[in-house]
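Report on the structure
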Amino acid sequence: MFLVANWKMNMTRDRIGEYLSVLDQNGLSGILEGSTLEVALAPTHVYLDFVAEEVRRRHLPVKVFAQDVSTRTEGAFTGEVGVRNIQDAGATGSILGHSERRRYFGETDAGVTIKTGLCLNAGAIPVVCFGESLEERNAGATLSVLRQQLTCVADEVAGARKNGNDTPVFLAYEPVWAIGSGINASPDDIRNVLSAVSEGFPWPELPRFLYGGSVNLDNIGLLSGLKELSGFLVGGAWLDPDVFLDSVKALR
Ligand code: PGA
């Protein structure tokens, strides 16, 4: 299972130091030893370097992920952060197309597709988020929305595979109504949506699905029973290192 803590625009250097100390002192390495669990922390771009460095220094088995990358490779694009930059700062992958980026910053399916391709080319693991809003769900449009979000990404991944690219891709199902709301999608919801999305869908390989949206210590055990899931993308709950550790223990 792959567990990604999406810190969003939270955490400062001090708090990151404390967070990693808690993981270190409470034996994250021992807990993960011999297990198939992999964990990643996703700080804002400015702390990628710092988290990567601290993780290395403490010998923590933790990957570092970015929360987004640019649609451009490099050059005169003021304020942008490219795949090469995040890799240079120690990240091995990136969350892409998070609904908060789609909603507040104009992220489009086309942009997410370009970013996916750039990540794959560079060997950085994309975690591509998709999910429907409450209005779309109530209008019975969930499946068409999700397919629309994933179709061009699927073409991009298929193209990369044809060229021999074998960088893993994760698809994070994050219903917008479940994010930060305290209401998680039920196991039945998730199972139904993922099987319908996969059915007759041109995804070029067995999809690796993550789930995100109000995952916490109370529901992670139940949700982890879903054989369709390869892991979780968690925001609020995993800002607390003790909850993160307890979640890892619960899944171990
Ligand atoms: P949440 O956020 O766990 O706080 O609901 C998940 C996400 O946005 O990735």
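Small disclaimer: the values here were computed from a predicted structure and weren't measured. (Residues numbered from 1 in each chain as written. Predicted model: local features only at pLDDT ≥ 70, side-chain atom pairs only at ≥ 80, totals over all residues. Heavy atoms only, no water.)

**Quick notes on the overall build of the protein**
Counting its secondary structure elements, the protein contains 11 helices and eight strands. Taken over C-alpha atoms, the radius of gyration comes to 17 Å for the protein, in line with the 18 Å a tight globule of 252 residues would show. Considered along the principal axes of its C-alpha atoms, the protein spans approximately 45 × 45 × 35 Å. The contacts of the protein with a sequence gap of at least 6 include a subset with a gap of at least 24, amounting to 74%. By element, 48% of the accessible surface of the protein is carried by carbon and sulfur atoms, the whole surface being about 11500 Å². (Helix = DSSP H or I, 4+ residues; strand = E, 2+ residues; numbered from the N terminus. Rg over C-alpha atoms; globule rule 2.2 N^0.38 Å. Contact = heavy atoms within 4.5 Å. Areas by Shrake-Rupley, 256 points an atom, 1.4 Å probe, with all protein chains shown as cover.)

**Looking at the site of the ligand**
Residues in contact with the ligand amount to 13 residues; listed here are only the nearest, Lys8, His98, Glu174, Gly180 and Ser214. In the model, an oxygen atom of the ligand is placed 3.5 Å from a nitrogen or oxygen of the Asn6 side chain. Contacts to the ligand include Gly235, whose backbone N or O atom sits 2.8 Å from an oxygen atom. Protein contact buries 96% of the 280 Å² of open area that the ligand shows by itself. Its residues placed into classes, the shell around the ligand shows four nonpolar, seven polar and two charged. (Near = heavy atom within 4 Å. Polar contact = N/O pair within 3.5 Å; in protein donor to acceptor, adjacent residues only side chain to side chain. Nonpolar A, V, L, I, M, F, W, Y, C, P; charged D, E, K, R; others polar.)

**Some words on unusual backbone geometry**
Although it is not a glycine, Met11 sits at a positive phi angle of roughly 80 degrees. Mapped onto the fold, Met11 is located in the loop between β1 (2-6) and α1 (13-25). Note on Met11: relative accessible area 9%, which makes it buried. Unusually for a residue other than glycine, Ser214 sits at a positive phi of about 55 degrees. Inspection of the secondary structure assignment puts Ser214 in the loop between β7 (208-211) and α10 (220-223). Taking relative accessible area as the criterion, Ser214 reaches 15% and is therefore assigned buried. (Buried < 20%, exposed > 50% of the residue type's maximum accessible area, 1.4 Å probe, protein only.)

**Looking at the pattern of salt bridges**
Taken as a whole and judged by the stated rule, the model has 15 salt bridges. Close ionic contact of Lys8 with Glu100 constitutes a salt bridge, the shortest N to O distance being 2.8 Å. Separated by 92 residues along the polypeptide, Lys8 in the loop between β1 and α1 and Glu100 in helix α5 (residues 99-105) bring together distant segments of the chain. Glu100 sits in the partly exposed class, given a relative accessible area of 25%. Salt-bridge contacts for Lys115 lead to Glu107; the nearest nitrogen and oxygen are separated by 2.9 Å. Judged by its relative accessible area of 6%, Lys115 falls in the buried class. (Salt bridge = Lys/Arg side-chain N within 4 Å of Asp/Glu carboxyl O.)

**Let's talk about the pairing of β1**
Counting buried positions over the five residues of β1 gives five, a clear majority of the element. Neither face of β1 is exposed, since Phe2, Val4 and Asn6 on one face and Leu3 and Ala5 on the opposite face are all buried.

**Structural notes on the pairing of strand β4 (residues 93-96)**
Both faces of β4 are covered, namely the face carrying Gly93 and Ile95 and the face carrying Ser94 and Leu96. Read as a crossover between parallel neighbours, the route from strand β3 (residues 62-66) over helix α4 (residues 83-88) to β4 is right-handed. Judged from the four bridges that link them, β4 and strand β5 (residues 125-130) form a sheet pairing that is parallel. In the strand pairing of β5, Gly93 is matched with Ile125. (Right-handed = clockwise from strand over helix to strand, strands pointing away. Pairing = 2+ DSSP bridges.)

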